[in-house]
4 protein chains.
Amino acid sequence: MPAVRNERSRQAILDASIALIDELGYDKLSIEAIARRAGVGKQTIYRWWSSVGAVVLEAATQSLDPVVAFPDTGDFFADMRSQLVGIVELITTTGFGAAYRGVMAAGQSDPGLLEAVYTEVIEQNETAFQARASIARERGEIRADADVATLRDILYGVIEYRLLHGMSLEAAYIDALLAVAFDGAR
Amino acid sequence: MPAVRNERSRQAILDASIALIDELGYDKLSIEAIARRAGVGKQTIYRWWSSVGAVVLEAATQSLDPVVAFPDTGDFFADMRSQLVGIVELITTTGFGAAYRGVMAAGQSDPGLLEAVYTEVIEQNETAFQARASIARERGEIRADADVATLRDILYGVIEYRLLHGMSLEAAYIDALLAVAFDGAR
Amino acid sequence: MPAVRNERSRQAILDASIALIDELGYDKLSIEAIARRAGVGKQTIYRWWSSVGAVVLEAATQSLDPVVAFPDTGDFFADMRSQLVGIVELITTTGFGAAYRGVMAAGQSDPGLLEAVYTEVIEQNETAFQARASIARERGEIRADADVATLRDILYGVIEYRLLHGMSLEAAYIDALLAVAFDGAR
Amino acid sequence: MPAVRNERSRQAILDASIALIDELGYDKLSIEAIARRAGVGKQTIYRWWSSVGAVVLEAATQSLDPVVAFPDTGDFFADMRSQLVGIVELITTTGFGAAYRGVMAAGQSDPGLLEAVYTEVIEQNETAFQARASIARERGEIRADADVATLRDILYGVIEYRLLHGMSLEAAYIDALLAVAFDGAR
DNA sequence: ATATAAACGAGACGGTACGTCCCGTCTTGTT
DNA sequence: AACAAGACGGGACGTACCGTCTCGTTTATAT
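Residue positions within a chain follow its written sequence, with the count starting from 1. Labels follow written order: the first chain is A, the first ligand is 1, and so on. Residue-level local features of this predicted model are given only where pLDDT is at least 70; pairs of side-chain atoms are given and counted only at 80 or more, and the full residue set underlies all totals for whole chains, interfaces and linings. Side-chain metrics rest on all non-hydrogen atoms present in the structure, leaving aside hydrogens and water.

A closer look at the interface of chain B and chain A
Where interface size is quoted, it is often the accessible area lost as the parts come together.
Reasoning step 1: By the convention used here, residues are in contact when the closest approach between their heavy atoms is within 4.5 Å. The interface is formed by 41 residues belonging to chain B together with 42 residues belonging to chain A.
Reasoning step 2: Note: buried area is the sum, over both parts, of the accessible area (probe 1.4 Å) each one loses when the two are combined. For the pair chain B and chain A, the summed buried area comes to about 3,800 Å², and 59% of that belongs to carbon and sulfur atoms.
Reasoning step 3: Interface area lost by chain B to chain A is led by B:Tyr161, B:Ala185 and B:Arg186, which between them contribute 19%.
Reasoning step 4: Residue B:Arg162 pairs with A:Asp153 through a salt bridge whose shortest N-O separation is 2.7 Å.
Reasoning step 5: Pairs of N or O atoms are called polar contacts if they sit within 3.5 Å, as long as, within protein, a hydrogen donor faces a hydrogen acceptor (for residues adjacent in sequence, only side-chain-to-side-chain pairs). Taken together, the connections running from chain B to chain A amount to 15 residue pairs in polar contact (both at pLDDT 80 or more).
Reasoning step 6: Per the convention used, a helix needs a DSSP run of H or I reaching at least four residues, while a strand needs a run of E reaching at least two, with both numbered from the N terminus. When residues of the side of chain B that touches chain A are assigned to their parent elements, the largest contribution, 11 residues, is made by helix α8 (residues 148-164) of chain B.
Reasoning step 7: Each residue is assigned to one class: nonpolar for Ala, Val, Leu, Ile, Met, Phe, Trp, Tyr, Cys and Pro, charged for Asp, Glu, Lys and Arg, and polar for all the others, Gly among them. Of the residues belonging to the side of chain B that touches chain A, the class tally is 23 nonpolar, 7 polar and 11 charged. Between Lys or Arg on one side and Asp or Glu on the other, a salt bridge is scored when a side-chain nitrogen of the former is within 4 Å of a carboxyl oxygen of the latter.

Right, here's the structure in full:
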């Protein structure tokens, strides 16, 4: 019969993280800054998360979930395009891009966080993509022997690559990316 | 009056950075740690570099240069494979991988560093790749209208993507990657 | 509904305090440490005591009471010697010394605690000493105009002074102290 | 050739300590509070002192030094009286009393600090008292076999005892104390 | 050959954040 | 109603580095 987790505090912490990231940038984020802004003791953050990165990952995935739902209009290529364009928009028009970049930066020296990114973001995406691609394969939209796993790496990995390098991300780029990924260079 | 840089100190700083990265990891790196290890005043580091990231980038590119030379045996596909496998080996068997991951992490909150990565690493690679790809195009190894820039993004970007996520990188993966990039999914 | 105090908890708290003091020292004492050790909720301590100091004072006085009883063998000087030697032994051979030092330390920023020390320890002693000294005066063992209150300050105060400064306390010192206090320096 | 200690900071720290003690009391003192008030980094305090107590001891002894000079008018008893009254005045009319109480409290769980109190305060006093008492002995103002060390303990120890217990300290009490100490109770 | 001024090692400085400990208050079930 | 358990907002701890700032001490030209 311990007292139970305070939901109000949890949400205040996630909100404060998001707010601080797009007011000041990920690098100004700190446990102390989040606690101060959220009106919360530092220990309350340490009690439930292992690092700033973990907090931001949770905050970021909250806003990611609705966007990554996989459409199926019967046209795999078109569906992929609309989803990737949606992701690019999420990245460029909300704080999600900055948050994700920060999480990836933190992950480079925090294997646990990187693993959390895998299970919370990538694995989910892999499962959904695999399912959608299987349907496409049955319909003959992609080759029977198409390497779906690598195709997924390319589509999402290159977007992340450009995000982390601060390179431009626009709908036109998605078209170019899909063209090479689906039709190849030769 | 030695208004001139002390080469002994410069090399000691780069060496100390490399040594500290693969002894303790990038996250234990700090100006103070490098200065201590290199037997150098902190000011000497600040005088010539803008951040730890900049030091590590310089140290890393030293070991990168010989590896990224572009071969031309007449077979573009095979040449790409041997170069990408070389990069993967550099990443997995030397400290280069850890160093590059650290630089990219630091770059997420240091636009100047990210720009330096672009001019020191990516731009060099783009130029060389473009040249090699043009030859391949003339020989008909890739389509006349092939999107060379995007092809490059895919080949190098996906490797970096997997590196930053701590995913496995092997020669077999390079084959899979080349297969999709050159022949497409449909 | 037990609107009544749990004696088992009370004793566990006092025991835990004593145990922690002579295992780790007074400075490692804290409400949390006592509660943890006693297997008791923090609130139970706060319900019945106002501070750690108050707990320790209660624990210490428990062991003090039997020792400070005033003997009367007919020889005031000898009786004082035996009682003071008894106190010195209590201080040096049990945890009482450490506990008392801790209480006095806490008392320096807790007037209520200092007052409790006065009513629980000093006042008791004053009353008993006064009574014993009156008898001695009637017997002519001390001067008729002897300043009994100040004599008491000297006998007990100097012992406490040496205790708080970590100076040695032995039977021989009691002899020296009594000599000056009873016969003066000139 | 390290940079050298900053005297301005040292004095600011001592001043801030004194100011905070008599504004808020010793218990509100903390390294953080002193640093904040003095406009100084915490590390600068830790670099030169081992604890808050050590800072306060240094601040206190600064104001103590001039007061404890030993007079010699040829009358030991009168000289002692004037010096003890001076000390009592220092205690009751300046922040010295509060500072000293705080140092003694801190000393109860800091043997190093207690030792510093001994060498900085008590030892000095012992030496000076011993010298003054020797002269008095030669003049026959005190007995040839008078226990000077214990006499000193009584005179200064009882004052400290009453200070630490928050008991009243007045010139009249000094008279009573000297009477017993010099003439004895019997 | 010497003077001189920039680069250098050392490290003190005002700061910020770290992750931990404990404070005293406040639920939440259990006895 | 008292209790064990423990979450909460808060404050201080002692440490690590930040980037800036003196300090003398090399040291390689420019006289």
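Picking up after the structure, the text goes on.
Observations concerning the arrangement of the chains
Reasoning step 1: Contact between chain A and chain D is absent, and the minimum C-alpha spacing across the pair is 16 Å.
Reasoning step 2: The smallest C-alpha distance separating chain B from chain D is 11 Å, and no contact links them.

Quick look at the relation of the copies chain C and chain D
Each of the two chain copies goes to the other by way of a rotation about an axis and a shift along it.
Reasoning step 1: What sets the superposition is a least-squares fit of C-alpha atoms, and only residues with pLDDT of at least 70 in both copies go into it. Aligned on chain D, chain C shows an RMSD of 0.2 Å; the corresponding rotation is 180° and the shift along the axis is 0.1 Å. In symmetry terms, the pair is related by a two-fold rotation axis.
Reasoning step 2: Looking at chain C, 100% of its interface residues are interface residues in chain D too, so the copies touch through the same face.

Points about the packing of helix α4 (residues 52-64) of chain D against helix α6 (residues 96-107) of chain D
Angle between the axes and distance between the axes are the two parameters that describe a pair of packed helices.
Residues and elements named next belong to chain D.
Reasoning step 1: Structural elements are reduced to axes, namely lines fitted to C-alpha atoms, with helices fitted over the stretch in contact, and the angle between N-to-C directions of any two is expressed from 0 to 180 degrees. Running from N to C, α4 and α6 cross one another at 145°; their axes reach a closest spacing of 9 Å. Seen from above, α4 lies across α6 with left-handed handedness. Across the interface between the two elements, Gly-53, Val-56, Leu-57, Ala-60, Ser-63 and Leu-64 of α4 pack against Phe-96, Ala-99, Val-103 and Ala-106 of α6.
Reasoning step 2: Split by residue class, the contact of α4 with α6 holds 8 nonpolar, 2 polar and no charged. By convention the crossing between two helices is left-handed if the near helix lies anticlockwise of the far one by an angle smaller than a right angle, and right-handed if it lies clockwise.

Section: the interface of chain C and chain D
Reasoning step 1: With 42 residues of chain C at the interface, the matching set in chain D holds 42 residues.
Reasoning step 2: Of the roughly 3,800 Å² buried at the junction of chain C and chain D (both faces included), carbon and sulfur atoms supply 59%.
Reasoning step 3: If you look at where chain C meets chain D, you find 2 salt bridges.
Reasoning step 4: Linking chain C with chain D are 15 residue pairs in polar contact (both at pLDDT 80 or more), by the criterion used here.
Reasoning step 5: Elements with a contribution of two residues or more to the side of chain C that touches chain D: α6 (96-107), α7 (111-138), α8 (148-164) and α9 (171-183) of chain C.

Topic: the environment of A:Asp183
All names here are of chain A.
Reasoning step 1: You can see Asp-183 is positioned in helix α9 (residues 171-183).
Reasoning step 2: Of the residues examined, Asp-183 reaches a relative accessible area of 29% and is grouped as partly exposed.
Reasoning step 3: It is 18 Å that separates the C-alpha atoms of Asp-183 and Ser-134, two residues lying 49 residues apart in sequence. Buried residues are those whose accessible area, probed at 1.4 Å on protein chains only, stays under 20% of the maximum for their type, while exposed residues exceed 50% and partly exposed ones sit between those limits.

Thoughts on the protein's contact with DNA strand E
Reasoning step 1: In the vicinity of DNA strand E lie 40 residues, with A:Lys42, A:Tyr46, C:Gln43, C:Tyr46 and D:Trp48 positioned nearest.
Reasoning step 2: Between DNA strand E and C:Lys42, the relevant distance is 2.8 Å, taken from a base oxygen to a side-chain nitrogen or oxygen of the residue.
Reasoning step 3: A distance of 2.8 Å separates a phosphate oxygen of DNA strand E from a polar side-chain atom of D:Ser9.
Reasoning step 4: Broken down by secondary-structure element, the contributors of at least two residues to the surface near DNA strand E are α2 (31-38) and α3 (42-48) of chain A, α3 (42-48) of chain B, α2 (31-38) and α3 (42-48) of chain C together with α3 (42-48) of chain D.
Reasoning step 5: In the surface near DNA strand E, the residues fall into 17 nonpolar, 14 polar and 9 charged. A single heavy atom is enough: if one lies within 4 Å of a molecule or strand, its residue is considered near that molecule or strand.

Brief notes about the pattern of salt bridges
Reasoning step 1: In this structure the tally under the stated criterion is 50 salt bridges over all chains.
Reasoning step 2: Notably, a salt bridge pairs C:Arg132 with C:Asp79, separated by 2.6 Å at the nearest N-O pair. Within this pair, whereas C:Arg132 is found in helix α7, its partner C:Asp79 is found in helix α5 (residues 76-93), the two being separated by 53 residues in sequence. Per residue, the accessibility class of C:Arg132 equals that of C:Asp79, and both read buried.
Reasoning step 3: Of the charged contacts in the structure, one is a salt bridge between C:Asp175 and C:Arg81, with a shortest N-O distance of 2.5 Å. Of this pair, C:Asp175 sits in helix α9 while C:Arg81 sits in helix α5, placing them 94 residues apart in sequence.
Reasoning step 4: For C:Asp175, a relative accessible area of 30% corresponds to the partly exposed category.
Reasoning step 5: Through salt bridges with shared partners, a single ionic network connects A:Asp72, A:Asp79, A:Arg132, A:Arg139 and A:Glu141.

Structural notes on the layout of surface pockets
Reasoning step 1: Volume-wise, the largest pocket comes out at about 580 Å³.
Reasoning step 2: A pocket, in this scheme, is an open set of points on a 1 Å grid over the protein atoms alone with protein on both sides within 12 Å along at least 5 of 7 lines, while a cavity is a set where a 1.4 Å probe fits but cannot get out; residues line either one if an atom lies within 4 Å of a point. Along its surface, the largest pocket is lined by 29 residues, and C:Ala105, C:Ala106, C:Ser109, D:Ala105 and D:Ala106 are the ones closest to its centre.
Reasoning step 3: When the residues that make up the lining of the largest pocket are grouped by side-chain class, the tally is 12 nonpolar, 11 polar and 6 charged. Grid points are joined across faces, edges and corners, and a volume is the space filled by probe spheres set on the points.

Concerning the nonpolar core
Reasoning step 1: Among the nonpolar cores identified, the biggest contains 126 residues, and A:Leu155 and B:Leu155 are the most heavily contacted of them.
Reasoning step 2: In contact with B:Leu155, other than residues within four places in its own chain, are B:Met80, B:Leu84, B:Phe129, B:Leu177, B:Leu178 and B:Ala181.
Reasoning step 3: Among buried residues, the Ala, Val, Leu, Ile, Met, Phe, Trp, Tyr and Cys ones that are joined through side-chain atoms within 4.5 Å form a nonpolar core. The next biggest cluster of nonpolar side chains, apart from the first, holds 125 residues, and it includes C:Ala33, C:Ile45, C:Ile91 and D:Tyr173.

Points about α9(C)
Reasoning step 1: Relative to the 18 Å expected for 13 residues at 1.5 Å per residue, α9(C) spans 18 Å between its end C-alpha atoms, a close match to the ideal helical length.
Reasoning step 2: Regarding α9(C), the residues found buried are C:Tyr173, C:Ile174, C:Ala176, C:Leu177, C:Leu178, C:Val180, C:Ala181 and C:Phe182.
Reasoning step 3: Where α9(C) is buried, its residues meet α5 and α8 of chain C together with α8 (148-164) and α9 (171-183) of chain D.
Reasoning step 4: Phi turns positive, to about 75°, at C:Gly184, one or two residues after α9(C). A helix is expected to span 1.5 Å multiplied by its residue count minus one.

Brief notes about the environment of C:Leu57
Residue and element names in this part refer to chain C.
Reasoning step 1: Counting through the fold element by element, Leu-57 comes out in helix α4 (residues 52-64).
Reasoning step 2: For Leu-57, a relative accessible area of 6% corresponds to the buried category.
Reasoning step 3: In the structure, Leu-57 is positioned 39 residues away from Phe-96 in sequence and 9.9 Å away in space, judged by C-alpha atoms.
Reasoning step 4: Leave out the neighbours within four places in its chain, and Leu-57 touches Val-103, Leu-113, Ala-116, Val-117, Glu-120 and Val-121.

Some words on α7(C)
Reasoning step 1: With 28 residues, α7(C) should reach 40 Å at 1.5 Å per residue; the first-to-last C-alpha distance of 38 Å fits that figure.
Reasoning step 2: Note on bend: at a given residue it equals the angle between the axes fitted to the 7 residues ending there and to the 7 starting there. Considering bend angle alone, the principal kink of α7(C) is centred on C:Tyr118 and spans about 35°.
Reasoning step 3: Taken together, the buried positions of α7(C) are occupied by C:Leu113, C:Leu114, C:Val117, C:Val121, C:Ile122, C:Asn125, C:Phe129, C:Arg132, C:Ala133 and C:Ala136.
Reasoning step 4: Contact partners of the buried residues in α7(C): α4, α5, α6 and α8 of chain C together with α6 and α8 of chain D.
Reasoning step 5: Directly after α7(C), the chain includes C:Gly140, whose backbone phi takes a positive value near 80°.

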